[in-house]
Each structure stands twice: as C-alpha cells, then as structure tokens.
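A closer look at the structure
So the chains spell out like this:
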Amino acid sequence: MSQPFRLNRGGRIDRHAPLQFTFDGRPIDAYNGDTVASGLLANGVTLVGRSFKYHRPRGIVSAGAEDPNAFVQLGHGARTLPNRLATVTPATPGLKVRHVNAWPSLEYDVMSAFGLVAPFIPAGFYYKTLMWPRRFWPLYEHFLRHAAGLGHAPDAPDPDRYDHVHAHCDVLVVGAGPAGLAAAHAAAHTGARVILADEQAEPGGILLSTCEHVDDQPGPNWADATVAKLSAAPNVTLLPNTTAFGLYESNLVLLAERLITDQPDHAGSEHGARIWRVLPKQIVLATGAHERPLLFGNNDRPGVMLAGAISTYVNRYAVAPGSRAVLFTNNDSAYRTALDLTDAGIPVAAIADVRSDPDGDLPSEARAQGIPVYPGAVVRHAHGGRRVAAAELCSLDGDPLGTVECDLLGVSGGFAPALHLHAQARGPSQWDPTLAAFAPKPGHGIHPAGAVAGELELAATLRQGTQAGATAAAAAGYSNGNEVEAPGANDSTQAPIQPYWLPPGNLARAKPQFVDLHEDVTLDDLRLSLREGYESIEHVKRYTTLGMGPDQGKLANPLATGVIAQLLGRDPASVGTPRHRPAYSPVSLGAIAGRHIGPLADPVRVTPMQEWHQVAGARFENVGQWRRAWYYPQPGESMHDAVARECLAVRRRVGILDYSTLGKIEVTGPDAGEFLDRVYTNAWKRLRPGRCRYGLMLGEDGMIFDDGVTARLDDQRYLMFTSTANAAPVLAWLEQWLQTEWPDLRVYLTSVSEHWSNIALAGPRSRDVLAAAGTDIRLARQDFPFMTFREGHVAGVPARVFRISFSGELSYEINVPADRARHVWEALVDAGRPLGITPYGTETMHVLRAEKGFIIVGQETDGSVTPNDVGLGRLISRRKDFLGKRSLSRPDSVRPDRKQLVGLLTDDPAQVLPEGGHVVDAPGPRRPLPMRGHVTSSYFSPVLGRSIALAMVAGGRATLGERLHVATLHDDRWLPVRSCNPVFYDPQGARQHV
Amino acid sequence: MLLIPCPWCGPREDDEFTFGGEADIPRPTDPDALTDEEWADYLFMRDNRRGRHREQWCHTAGCRRWFIVERDTATNQILGASTYDASP
Ligand SMILES: [Zn+2]
C-alpha cells in the first residue's frame, strides 16, 4: 500500500516523478516536489520524534522552518546532517532520514519512562541539581546527556565543499512570498541590483499553500510567472534554498545557501553550502509570520497541527494530514483551512472558536458548508497517545460541550510577524492589538512588507510589497519614475482576532500544556518561574529554557509573551519578547568555517631554505605563522643528542642557522636618526654609517616591547631587526607614532622582512667558512670588527653582512635577496664541510643565547618587565626623552623588590628545571607559599656539562648566591638551587670579539 | 560588522583595520615636567564615552594609514572619518 493519505488531485507535486526515501530504514514513497514531512504524512507517518526532556511522542506541527518537533538526521557517514527539519527538506531519491532523540526506537522509547516515573522535571532542575547535592550531579549528567541527544555529528571529514561569497547589491529582498516577489519585481524594474533569497526550494511562499488568485490567475501560476521574469532579468540574483539567518551591524546580512546536487543517483539532495555575506544598500523584509499554537491539555500530541500548515499540506502537497479534523481558533484563518479540508473531502467534525460571535465572510461560508461551529468554545484536552484520538470541547466557562473524535486537531492562535531580522537590525517594534502580536514600527530604515509588517490580507500585501520594493530602490538611488503597478487580488474582510493565552479557570489545570514543544516547557514551568521571581521574559527564558532549542522558539516565544502577561496581570507590550539572536535556523559548522580549514585555516610561512631543511631531516616548530627548523637529528639521535651536538659544533667549530624570519624594517629619511632616538631607549643619531647597535623599545608604560640590532646603512638609512614574532606589531607601532604624533618627521618605514633572507654563521671557524665561500668583503678583525656591517658579495650574490652575535661566538649574519638565499646557503654549507659546519635549529639557538644570558622578548619578558629588571639599565639614555622613559621613574618601576633577571644553578647538575616553575625561598607547610619568582628559560648546557636556567626573581640581583627552591610541575617536589649571574659562559664576551 | 570609511580607500570591512583607541590624546611635550598622577592620567585614563567618540583606526590590511573615525558608541553608527591633516 502506497501513500494512503495522498489526495487524488491537486498539489504542486510531480505525480510523474515518483521517488522513494527511507525513514528509520522503512521505505517511503513520495513525489518530486514533496518535503520529507509531506512524504511522511502521505504515508500516514505521524510520529517523527521524541521530545527533548520527557521523550513524549511528537509529530509534525508546521510546514516550515518554525517546526519544533520535526528535527531529523539526514544521510549517513561523512555526509550526515543532524538537526534538519523534515518540513523544509526536499524529499529526494534514496535519502536516508532517521529520527533523533529516541532510544532504542521511536515506538519503544526507554526514556519515555522518564515521563512515567518522574512525570515532570520542573524548570530550573538543571540549576538546582548543579547546586545540590553536588555529588549526585555526575549521575544526573550521565542520564540527562543520554536523554538529551539531538542527532550526531559525522564520524569522518566532510567531503562536501563550503564556500563564502561576498556580495553587494542595491536591494536585498528576504522572502519570496507574495510581498517579496512583488518587492523584487518593483525594485528590479528600476534597474537596481536585486538579490532575492528564500529559504524554500520553490519561491512563492504562502501563495503555494492557498487557493487565492493574483492578477486573475491562481496564486502559484502568478508566482511562477514572476519568478520567470526575475530569473531572466540580468540585475536580479535569485537564491532559493537560502536562509537569511542573521543581520548584523552596517546591515550585513548572512545567508546560508544549501547546495543541491544534480548527480543522478541522489539528485536534489544537499551537498555542502555557501555562506553569502551580503552588504545591501537597502533591505526589504518579507519574512512572513508564524501561526501561534494554543494551550490545552496534551496540546503536544501527534496530530495537533497549525491550521495554516494543514492548508499547506492539502493544497501544496496534496496530502491529507488526517482523516477527520477538529479545528480550534481565535481568528478567521482556520475557517479557510476548514474549507480547504472540506474541498479535499476530509470531514471537519467541529470548529471551536473562542469568539462568541464569529460572523466574518469565512465563518459564514464554513457554516453554509454545514461545518459545525462552536462559538465561545475551546478545546480543554486532547485524547490519545501516539496520536490524537479526540478533542474534548467545553465553553469558556468550563461547561462540557462533548468529546469529538478526530485524528487531526488544527489550531490557530493568530499570527506573529517573524521579526528576527527586523529586531537584529535594531528595528523598533510595538504591540499591535489587532494582531495580538508585536509588529515593526513603521518608518525604520529597513522595509518590512506583508505579514512581517502585520498585513495578513493578500491584496494589501501585494500593494505593500510593490511599494517597499520601489521605496527601497529609490533610497538606493534608483528613482527613475519607472514604477510598476501592484498586482491585484481580491480584498476580503476578516473579523478581529480575540487573544487567547491562558485557558480560563479550571481549564488551565488540564495537564500538561506545552508552551515550548521543543524544550518541553509547560505552562506550569512558566508559573514556577514567575513564582520564584524570574519575571522578566529574559529571566523566564533562562530559568525554563524557553525558546532555547534549535527552532529558536519561533512558535513558543510569541505565545509565551501573552501567557506571561496574563499570569502577571500586565500588558503584553510591557512583557516584550526574548531577544532575537542569529541564527534564525541551524547553520552547519562546515558552512561557517568555509574554506578556512586544514592548511587554509592560517597561512604557513616558510623561508627559501625550507626544502633544504626537510631534506636534511630537520624537525620543525611553529613560531607564529612561521615553520622553523627546530633541530636536525641524525639517525639514532634523540632531540637531546642532536641539540648537544649542534651546540658543541657552534662553540668549537662552526654552525649555520636560517634566521630569515627575523623582522626587518628599513627606516629612511632625513629624520630617521631623530625618530630612532624617540622610539629606542638608547642614542642613535651619532651612530656612524656601517655600525650596528643593540636597541630596546619600550611601551609608554616603560615595559620592554621589543629588542634587536639596528644598523646604520648610510646617512639617511637604517635597517632595524625586530624579533620574529613582533615584526608586524613593531611596524604598526612605529607607523602609529609617525603618522599620528610626529607627522613633521621626514621618515619612511618599509618592511623588508621577506625581501632579505638572513643566514647566520656562528663559531670560531665562521670567518674561514665565509672566506671559503667567496666574498669581496675584507674579513680581517681590524677591517670588519664586531658590531659593524659591510656590503659586498657572498658566493657571487649581493649581500649585507652584519658582525653581530646571538650566540656569543664570532658570528656573521648574512642578508641576501630571498630569491638567491638557497644558493648562498648551499655555497656556505659546501665551503664549510671541510671545517665541520653543522646546521643548527631554533632549539640550539635558544640554548646558546641562554648560556650568554641574552633575553628573548616574550620569554624572559611578559609586558611587565623594565630594562632595569633584566639588567639592561645601561641602555637607558639620560640625555633625551624616548617612549616610555617617564614611566621608568614611577614609584612602582623603582621598587627594589621588583622581579629581576638572575641565573639559577641546580645542586644536581643533571637536573633541568621546569620552565614556568615557581621559585620560593624555602619549601614549608604554609599554603600558599610566598612566591619569589618563576623560571623563564631552562636547558642543559652541553659546553658547561650541566643544567642552566634563567629566572625572574624578586629582588634577585641584590642577593646573588642565595639558596632558593623551584617547584616541580607534576610531582610535589622542591629542587634546591642557587642564584647566580645570568651570564653562564664567557662573561667577558671575549669570544664574539675575535 | 562595521563598514569603516578609510579616507584613502573608501568603505571597507572592519577586519581590514586595527583599532587604536581614543583620539586627541597628544603626547605630553615634556613628560619629565609631569607629576606621576598627570603621567598616569595620560597613560591609562580614557573617557569611555557613551555617544559620539573620536577614535583612531589604521587601515592595516590596506593603505596602512592611521586616521580618525567618529563613531557613536551606543549605536555603533559611524558618523565620519578624517585624516590627521584635517583634524583640529
Ligand atoms: Zn585605506
């Protein structure tokens, strides 16, 4: 038996294109044009999920993005998509659909025992159990986590593609119902660039669900014709399957476009997504309205459905959502549904209308068709378990009016505009008593049209849409008088709505009455929240989890506003509505990440010698975005072995280091020296061309910001080296001062970090290697002394060679154009081979500089360290002002007990201290122990044959030689140490001067 | 997202820019003449104004020029941008 609930005629489905998908493995026959939900209903499947908290059976409530129940898992394996709504997912051949939140199966759910044993968990349960008794919380958590599963993530990397598109347009129209189509048409007519986005696969919105006519043709035909016109227009971008899920500052609108594949075996299914970042000049909001549910006992039973959704299933999908209906309403729209059902041959057993005298056109027509109408009546309670079986009717005073059998219970509490984007655009809203809902205040910058503006009549909606499109285009600069006439439709008159929130008197006692179906928030939960003092709607939300589901409370929030107002005896306008936050509908994380994953998540920077390092077997470490050679293990070597070998090679023979990552900034212009004087602590103007100097840069707070060597290339040109990590921040810092504070200085800054590669030769034989590689620079000590620089050629390549040293050895830093660096590197390695040249990495570089007590900014310093703290007070000029100088004389900067740089030597020479370890005077029972400082750098020094460490210790410099202790990080031990001068090797600095 | 009007490049998304804090806080010409309190006031104290706020921005991923933006801190609306030359 196939599709027993499919109507014989009508609908927008293609009866010549049958297809089959599966629900929990069961084959479901449907047609092209169906959604998963309409396919399920056509086959009589009404139970689609279990509720979040109580695992109550739940069915399809709506035909759109507002559904609180119809969340399903789509597909399988790497492509599986959780949290998708059956009501908006097109049915496609072979699609695998599974329920979520039920175990082991939908029909026999263990967790629904939850509902039998402890019938209702009160709101605030989570908070209260977190507070007391705390030791039981892991138990609750285990249980709740299992109970609260909402689908599962893919178990393998997603093969689909996700992209981000940046787009601009004159007018963005959100929603392609009657208002949106009319607006897009009017705006496009002026020549404005228009983007029209709609969340459904097919544009048309409500026109596809009703039998109304536009311009004397059936609504769907007019929609098709309008869409055809728009598709043909070169200035219009039509985006179906696209949800505008957030509106941000500057009217940035984010759209999520679901990409539909046309691969033959799963044509029409979703493969990946695109995020559109659209910056429109003007926005027309045609986002429609959501029908409100009504409160009564067991109002969550499968078969209870929004009246408008019933019309949609009947008219658009040719599906009978039930075989005998009761309707419960407080406005005229449900009568249209009654007529639709009657037309389709589905009996309507009763209409309960809370209004005492419903006498509009539609009620009269329904009565004329012989449908029993109960004025002044409500549904007290729905009977039935996994499906509604009957509706118990009574008067507003509670007098029984009989129980009417039905398997479909349509409800309509009126319509609430979908204000999400309007609210995110900071659009003001006001309570509209004719709607009993919040509606946009007119005159705001974005243009609402149709139901979102509170207009529920078709003819007026079309006029409003046309008007909004023209107005938006004009505001975007397209007012060429090229106006179009609004499409026409029959005006009908509807009788006013009668707000119905809290069932009166004893009716409110029927249990349970759900306000938020997704979050299982009941009327009693709202009462409890208010009783405990959580009266603001935002507090009610947090206390009860109202509206916190993936459906974003689209149905629940507008209902809750009225219910809370009535419980508090206040005006709904003063209660308000919870803040509308993005995303309007769930957006997959893959779409948000886009291409920014894997190697594209962050750029990887490498030097021209990268391949050479790889071939040489280097291990790499990340330094910011840079990949740097860390050490070069030979076969069988541990890291410790390799670093020891590299260190000794530099101290005894010669090593070669790729130091290309250093920041390099050329400072040029007549005032370059004056500029350096202002940003460095020491003096620069009198530095002679050809010489180098070490400089310290401070923030205005007097704390060390960066350090490095700067060379004077010629009269008006300096080359500044910055630390690798600070290359960009230093440039930005210098530019800021130059541009904002000292625009009178004639100075120009150019980053040349990537133009020049930097190769460091270090060790007693480095001069011999440089000579052997071939250079026209005279290398003798008197010709090229320490802290000078020379220009010339190395291995035939133009080079700037600096005699500076970060290892304390005789050393040359050779700057060559990056495109020739690999050649020079290889020439140096070849030339050095007979001398035992050894490539070394960053780890050895760190050990060598620590042996010399050289600081690394960011390792010894942390933004709270002055030059004096690290023993560099001699670099502070007394004769000039510089950035940060005034701060060095603040009382806190001259405290004698500031942390100061010292060396630490362990009693056990083999013991390497943990970096970050706390330094204390003596271990003892007192907790916390007064802390004297912390270890900043710690290594085994091969040349000294023992461990060494640098530390920042309070008042440390005045008490060198004192006994201190350092805490281990992982076990509770204290390591005895003595403080010492931080220069462990060659304290006179003789080796770098040779 | 803020759309920031760079005086040289035109309106661009805010992720191309770096924020530089409140504008119009000139560096004292003679810091040594200031008391500790006056120096701390220059260094640390900002108005954190509600409403119209003049602030510094740098078009880091563009022309690398610093300029002044006037922004309403309550609405995040940008009211204008000017170069340092044009500033009072
Ligand atoms: Zn710019």
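Every value quoted in this text rests on a predicted model; they were computed, and no experiment measured them.

Looking only at helices and strands, one finds 23 helices and 49 strands in chain A. The C-alpha atoms of chain A give a radius of gyration of 38 Å, which is well past the 30 Å a tight globule of 994 residues would have. The principal-axis extents of the C-alpha atoms in chain A amount to approximately 115 × 75 × 55 Å. Relative to its full complement of 994 residues, chain A shows a buried share of 52%. Long-range pairs, those at least 24 residues apart, make up 67% of the contacts in chain A between residues at least 6 apart in sequence.

It is worth spelling out the overall build of chain B at this point. When you go through chain B residue by residue, the secondary structure sums to 1 helix and 6 strands. In chain B, the succession of α and β elements from N to C terminus is β-β-β-α-β-β-β. With the principal axes as the frame, chain B shows a C-alpha extent of 40 × 30 × 25 Å. Expressed as a percentage of the 88 residues in chain B, the buried residues total 15%. Look at the contacts in chain B between residues 6 or more apart in sequence, and 50% of them connect residues 24 or more apart.

Moving on: the interface of chain A and chain B. The partner chain B presents 20 residues to the 19 residues of chain A that form the contact. Here the residues of the side of chain A that touches chain B are counted per class, giving 5 nonpolar, 5 polar and 9 charged.

All names here are of chain A. Spatially, the 6 strands line up as an open sheet ordered 40-41-42-39-33-43, and their pairing is mixed. Every other strand in the sheet has two partners, leaving strand 40 (789-794) and strand 43 (838-839) as the edge strands with one partner each. Relative to strand 42 (residues 811-817), strand 39 (residues 756-762) runs antiparallel, the two being bridged by 7 bridges. Across the sheet, residue Trp 756 finds its bridge partner in strand 42, namely Pro 817. Packed on one face of the sheet, helix 18 (residues 639-652) meets strand 33 (655-658), strand 39 and strand 43 and runs near 115° to strand 33. Across the sheet, helix 22 (residues 818-832) touches strand 33, strand 39, strand 40, strand 41 (797-802) and strand 42, and the angle it forms with strand 39 is around 15°.

Turning next to the sheet that holds strand 7 (residues 96-99) of chain A. Residues and elements named next belong to chain A. The 5 strands lie next to each other as 2-1-7-5-6, forming an open sheet whose pairing is mixed. Taken across any chain shown, the strands that pair with only one partner, and hence form the sheet edges, are strand 2 (26-32) and strand 6 (81-85). Within this sheet the neighbouring strands show an average axis-to-axis angle of 40°, counted without direction. Looking at chain direction, strand 5 (residues 71-74) and strand 6 are connected through 3 bridges and run antiparallel. Looking at strand 6, one finds that Val 72 is bridged to Arg 84.

A few words on the nonpolar core. Residue and element names in this part refer to chain A. In this structure, Ala 86, Val 319, Ile 351, Leu 409 and Val 515 are the most contacted members of the largest nonpolar core, which totals 102 residues. With 6 residues, the single largest contributor to this core is helix 14 (residues 556-568). Excluding its chain neighbours within four sequence positions, the residues that come into contact with Val 515 are Val 521, Thr 522, Leu 523, Leu 526, Leu 546, Ala 556, Leu 559, Ala 560 and Val 563. With 97 residues, the next largest nonpolar core counts Leu 719, Val 747, Phe 789 and Ile 804 among its residues.

Here we come to the pairing of strand 19 (residues 348-353) of chain A. Residues and elements named next belong to chain A. A large share of strand 19 lies buried, amounting to 5 of its 6 residues. Sheet topology places strand 18 (residues 325-329) next to strand 19; 5 bridges connect them, and they run parallel. Considered in strand 19, the bridge of Val 326 is made with Ala 350. Bridging between strand 19 and strand 20 (residues 373-375) involves 3 bridges; their strand directions are parallel. Bridge pairing in strand 20 links Ala 352 to Tyr 374. Between the parallel elements strand 19 and strand 20, the chain passes through helix 9 (residues 361-368) in a crossover that is right-handed.

So, about helix 13 (residues 537-544) of chain A. Residue and element names in this part refer to chain A. When helix 13 is considered as a whole, its buried residues turn out to be Ile 537, Val 540, Lys 541, Tyr 543 and Thr 544. On its buried face, helix 13 is in contact with strand 30 (521-522), helix 12 (523-531), helix 14 and helix 15 (572-575). Looking one or two places after helix 13, you find Thr 545, whose phi comes out positive at around 70°.

Moving on: the packing of helix 21 (residues 766-773) of chain A against helix 22 of chain A. All names here are of chain A. Two elements in contact, helix 21 and helix 22, have axes whose closest approach is 8 Å; the angle formed by their N-to-C orientations is 115°. Put simply, helix 21 runs roughly perpendicular to helix 22. Helix 21 and helix 22 meet at a crossing whose hand is right-handed. The segment helix 21 lies against helix 22, with Val 769, Ala 772 and Ala 773 engaging Ala 827, Leu 828, Ala 831 and Gly 832. Residue composition of the contact of helix 21 with helix 22, by class: 6 nonpolar, 1 polar and no charged.

So, about the packing of helix 8 (residues 333-343) of chain A against helix 9 of chain A. Residue and element names in this part refer to chain A. Between helix 8 and helix 9, the shortest axis-to-axis distance is 8 Å and the interhelical angle comes to 30°. In this structure, the crossing between helix 8 and helix 9 has a hand that is left-handed. Note on element contacts: helix 9 touches helix 8 through Leu 362, Pro 363, Glu 365 and Ala 366, opposite Tyr 335, Arg 336, Ala 338 and Leu 339. Class assignment for the residues of the contact of helix 8 with helix 9 results in 6 nonpolar, no polar and 2 charged.

Okay, unusual backbone geometry next. As a rule of thumb, non-glycine residues mostly have phi less than zero, and peptide bonds are mostly trans rather than cis. All names here are of chain A. Following Lys 511, the chain continues to Pro 512 via a peptide bond in cis, the omega torsion being -15°. Mapped onto the elements of the fold, Pro 512 is located in the loop between helix 11 (458-475) and strand 29 (514-516). Residue Ala 583 is reached from Pro 582 by a cis peptide bond, and omega for that bond is 0°. With respect to the helices and strands, Ala 583 occurs in the loop between helix 15 and helix 16 (589-593). Positioned with a positive phi, Ala 318 is a non-glycine residue whose angle comes to about 55°. By the secondary structure assignment, Ala 318 is in the loop between helix 7 (307-315) and strand 18. Classification of Ala 318 as buried rests on a count of 24 C-beta atoms within 10 Å. Despite not being glycine, Arg 426 has its phi angle at roughly 60°, a positive value.

Rules used in this analysis
- Residues numbered from 1 in each chain as written.
- Chains lettered and ligands numbered in written order.
- Predicted model: local features only at pLDDT ≥ 70, side-chain atom pairs only at ≥ 80, totals over all residues.
- Helix = DSSP H or I, 4+ residues; strand = E, 2+ residues; numbered from the N terminus.
- Rg over C-alpha atoms; globule rule 2.2 N^0.38 Å.
- Buried ≥ 20, exposed ≤ 12 C-beta atoms within 10 Å, placed from the backbone.
- Contact = placed C-beta atoms within 7 Å.
- Nonpolar A, V, L, I, M, F, W, Y, C, P; charged D, E, K, R; others polar.
- Pairing = 2+ DSSP bridges.
- Axes fitted to C-alpha atoms, helices over the stretch in contact; angles between N-to-C directions.
- Core = buried A, V, L, I, M, F, W, Y, C linked by C-beta atoms within 7 Å.
- Right-handed = clockwise from strand over helix to strand, strands pointing away.
- Parallel < 35°, antiparallel > 145°, perpendicular 65-115°, else oblique.
- Left-handed = near helix turned anticlockwise from the far one by under 90°.

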